[in-house]
Structure formats: structure tokens, C-alpha cells
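# A look at the structure
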Amino acid sequence: MYPSQSPKTGLIVSGQFADICGVNKQTLLYYDKIGLFSPCLKDKNGFRYYAPEQVDTFHTILALREIMPLSELKQYIQIRDKAHFQAVFERGVEKLTQQISRLEYERAMMLRKLDLVQEAVNAEESIIYTRYCPKEYLKLSPDVCALQPGRGEPSAMGSIVQYRVEHNLSLGRGIGGILPSSWLESGKPNGTHCRWYYSELAPESPREEGFIKAAGNYMVYYHVGDYHTTYQVFPKLLDYARQNGFDIGEYIYEEPLADEIVEVDPSRYVTRISVPFTVTRGSPPG
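Just so it is clear, the model here is predicted, and its values are computed rather than measured. (Residues numbered from 1 in each chain as written. Predicted model: local features only at pLDDT ≥ 70, side-chain atom pairs only at ≥ 80, totals over all residues. Heavy atoms only, no water.)

The next point concerns the pairing of strand β6 (residues 176-180). Burial analysis of β6 places 5 of its 5 residues in the buried class, which makes it a mostly covered element. Covered by surrounding structure in β6 are Gly176, Ile178 and Pro180 together with Gly177 and Leu179, the residues of both alternating faces. Both β6 and strand β7 (residues 196-200) contribute to a ladder of 3 bridges, which runs antiparallel. Each residue of the ladder has a partner; that of glycine 177, found in β7, is tyrosine 197. In the sheet, β6 pairs with strand β11 (residues 251-258) via 4 bridges, with the strands oriented antiparallel. Note on β11: the bridge partner recorded for isoleucine 178 is tyrosine 253. (Buried < 20%, exposed > 50% of the residue type's maximum accessible area, 1.4 Å probe, protein only. Helix = DSSP H or I, 4+ residues; strand = E, 2+ residues; numbered from the N terminus. Pairing = 2+ DSSP bridges.)

Structure follows, in C-alpha cells:
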């Protein structure tokens, strides 16, 4: 047990000081040991006492330890002056501002992923939807068919994975695929799933670096199953286009909504297949 009040009027015993600052006594002992923060008084019985004004100093240490190593923090505490204080705190504000921006960005990415999964939950697999989609700018991989046979897909996919890692895009949309619309009739030639892989373009990237997914009308189908089984719905999409007088655009887009991050069973993955079209007769269904 420690005494509840210091023999020195106005001082705070170590246990109470730790409670006030939201740490344990071992933290106080460690900081004293390394010369970072010490009590203002140690009596002959080994009790430690802190002055009330040390609370602010300690909270400053707790804040600064988030942005600098203990060795640098110790140096600051030992040689405090106005100029040093300004330099340290200006750097701290800049670093914390960057951290806040990063956290806000990651939060937005997570919210985007939640929206995509909710879209997958709400979708009905038996329906082909028609809707207007806005323009998008995408980062494309190399052409799978132009790469080394047997290694085209892994190499193309790897380039997009690397891009996403470099631009911290892994918390939002998944890696999509693009295939020529001619593949709707031919299936998946030579076992190739997609011709190109893509990611959303990083916010800081110039728009001219991106591939444009044109705005316009799209047939949209939500395929439930492994990524490599999406071709099974191609005949259904072709039939629907013919029945409604649709001319299909140049490219088909596939994007995972519920993927390996969401589902452990590949048979429960949900991929959104988007097929651009124009109307040659009649009007698109509602």
C-alpha cells in the first residue's frame, strides 16, 4: 500500500499520479529508470512523489511518444527550450496531420468495401439489370495475351497487386478484369480468364494515366461462384442482348464484390459482370 497523501504538501504519490495519467506504476518506474521522466521527490523509504504541474509534462510525453522514438523524446525533455519546443511540435503536428489523412482515406476505403458487399447481398442472381454507369478511370495491367504463355495471368495480376500495394488501395474495391466482348461467344479461349486486370486509379494519379471505362448503359449480372466460372453466364447475356435489340460494346468488365476477403468458400463469391450496350431497336427494359 502507498500513502494516500504526501508528507510534502501538494505533492501526489506515485499510485495516484499513475491513475491520473492513465498508466500503470511500472511505466513511471521505467521512465524514471531510463531518465525520461522522474518524480520530483523520493523519500528515504522509497516512496515517490510528483508535483501537480508534472501531469501536463507527462501527458506531453505520452503524446510525443506516438510520433518520435523514446531516445529522441528523452533528448527533448532534457534540453527543453522555446525554440526546441516549437520545432518538435511543428514536426509533430505535420506528422499527425499525415496520419489523420491516412486514417480518413483508409476509412473511406473500408466504407467503399462495405457498400460493395451490401450491393452483393441485395443483388438477385437470376436477374439481368440494366442501368446507367458513370465514367471511371482504371489502371490496367499488361495484355495477358501478349505475355509469356502460361505466365500471362499471374504476371498481369502481379502488376496490379503491386500497384495497389504502392498506392494503399487494398481496402476498397477488388481487382477487376476486362475481356473483349467477342469472348462472350467464344467462352474463355485457351483457359484465359481475362485479357487485362485492373484496379481503380489512385486518387493522386493523373487521369490521363488511366484507362477510361466509358459512361453509358450497361447490362449488369451478379454471378455467384468462383471467379473462373463467370463465363457460364455469357450465353444468357448474349440471349438477353439479342432479345432486346442491344448492340454490345467493345469490352466486358468483371469486378468482385464478395471475394476472398469476405467469403471463405469460393462458391459463394459474388462478381459483378457489366456489359455496355446501345439500343438498336425499342427501348431498354426497366
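The subject of this paragraph is the nonpolar core. Within the largest apolar cluster, 23 residues are counted, with the highest numbers of intra-cluster contacts made by Tyr197, Met219, Leu237 and Val275. Listed by contribution, the elements that provide at least two residues to this core are α6 (152-166), α7 (183-186), β9 (216-224), α8 (234-243) and β12 (270-279). When residues in this core are grouped by element, the largest group, 5 residues, is from α8. Other than its neighbours up to four places away in sequence, leucine 237 contacts Ile128, Met219, Tyr221, Ile273 and Val275. Formed by 21 residues, the second largest nonpolar core is a distinct cluster that contains Phe58, Leu62, Leu64 and Leu73. (Core = buried A, V, L, I, M, F, W, Y, C linked by side-chain atoms within 4.5 Å. Contact = heavy atoms within 4.5 Å.)

Attention now goes to the packing of helix α1 (residues 14-21) against helix α3 (residues 54-64). A pair of packed helices can be characterised by two numbers: the angle between their axes and the separation between those axes. At their nearest, the axes of α1 and α3 sit 10 Å apart, and the two run at 50° to each other. In this view, α1 runs oblique relative to α3, as classed from their interaxial angle. Between α1 and α3 the crossing geometry is right-handed. Contacts between α1 and α3 involve Phe17, Ile20 and Cys21 on the former and, on the latter, Gln54, Val55, Phe58, His59 and Leu62. Counted by class, the contact of α1 with α3 contains 6 nonpolar, 2 polar and no charged residues. (Axes fitted to C-alpha atoms, helices over the stretch in contact; angles between N-to-C directions. Parallel < 35°, antiparallel > 145°, perpendicular 65-115°, else oblique. Left-handed = near helix turned anticlockwise from the far one by under 90°. Nonpolar A, V, L, I, M, F, W, Y, C, P; charged D, E, K, R; others polar.)

All right, on to the pattern of salt bridges then. Taken as a whole and assessed by the stated rule, the structure comprises 14 salt bridges. Across the pair glutamate 136 and arginine 173 runs a salt bridge, and its minimum N-O distance is 2.6 Å. Residue glutamate 136 is found in strand β5 (residues 136-140), and its partner arginine 173 is found in the loop between α6 and β6; the two are separated by 37 residues along the sequence. Of the two residues examined, glutamate 136 and arginine 173, each falls in the buried class. (Salt bridge = Lys/Arg side-chain N within 4 Å of Asp/Glu carboxyl O.)

Bringing the state of the cysteines into the picture now. Enumeration over the complete set of coordinates arrives at 0 disulfides. Free cysteine: cysteine 21, not disulfide-bonded; nearest cysteine sulfur from cysteine 40 at 13 Å. Here cysteine 21 falls in the buried class, since its relative accessible area comes to 6%. Lacking any disulfide linkage, cysteine 133 is separated from the closest cysteine sulfur, that of cysteine 194, by 17 Å. (Disulfide = S-S within 2.5 Å.)

Take the sheet that holds strand β3 (residues 48-50) next. On the basis of which strands lie adjacent, the open sheet formed by 3 strands has the order β1-β3-β2 and antiparallel pairing. At either margin of the open sheet sits one strand with a lone partner, and together these are β1 (12-13) and β2 (41-42). Relative to β3, β2 runs antiparallel, the two being bridged by 2 bridges. From the neighbouring strand, lysine 42 faces β3, where its bridge partner is arginine 48.

What follows is about the layout of surface pockets. Computed from the structure, the largest pocket encloses a volume of approximately 500 Å³. If you go around the largest pocket, you meet 26 residues; those closest to its centre are Ile175, Tyr227, Pro256, Asp259 and Glu260. Of all the secondary-structure elements, those providing two or more residues to the lining of the largest pocket are α5 (82-122), α6, β6 and β11. Grouping the constituent residues of the lining of the largest pocket by class yields 10 nonpolar, 8 polar and 8 charged. (1 Å grid on protein atoms, 1.4 Å probe; cavity = no way out; pocket = protein on both sides within 12 Å on 5 of 7 lines; lining within 4 Å. Points joined across faces, edges and corners; volume = space filled by probe spheres on them.)

Once that is clear, we can look at α8. Listing the buried residues of α8 in full gives Phe234, Leu237, Leu238, Tyr240 and Ala241. When α8 is viewed along its axis, its buried side chains cluster within an angular range of 165° and face the same direction. (Arc of directions from axis to C-beta.)

Attention now goes to the packing of aromatic side chains. With the rule as written, the count across this model stands at 15 aromatic pairs. Between phenylalanine 85 and phenylalanine 89 the ring centres are 4.2 Å apart and the planes differ by 35°, which places this aromatic pair in the tilted class. Taken together, the positions of phenylalanine 85 and phenylalanine 89, both in helix α5 and 4 residues apart, correspond to about one turn of that helix. Judged by relative accessible area, which is 37%, phenylalanine 85 ranks as partly exposed. The rings of Phe17, Tyr30, Tyr31, Phe37, Tyr50 and Phe58 are connected pair by pair, giving a single aromatic cluster. Sitting over the ring of tyrosine 218, lysine 213 keeps its end group 5.1 Å from the ring centre. (Phe/Tyr/Trp six-rings, centres within 6.5 Å; stacked < 30°, edge-to-face > 60°. Lys NZ or Arg CZ within 6 Å of the ring centre and 35° of its normal.)

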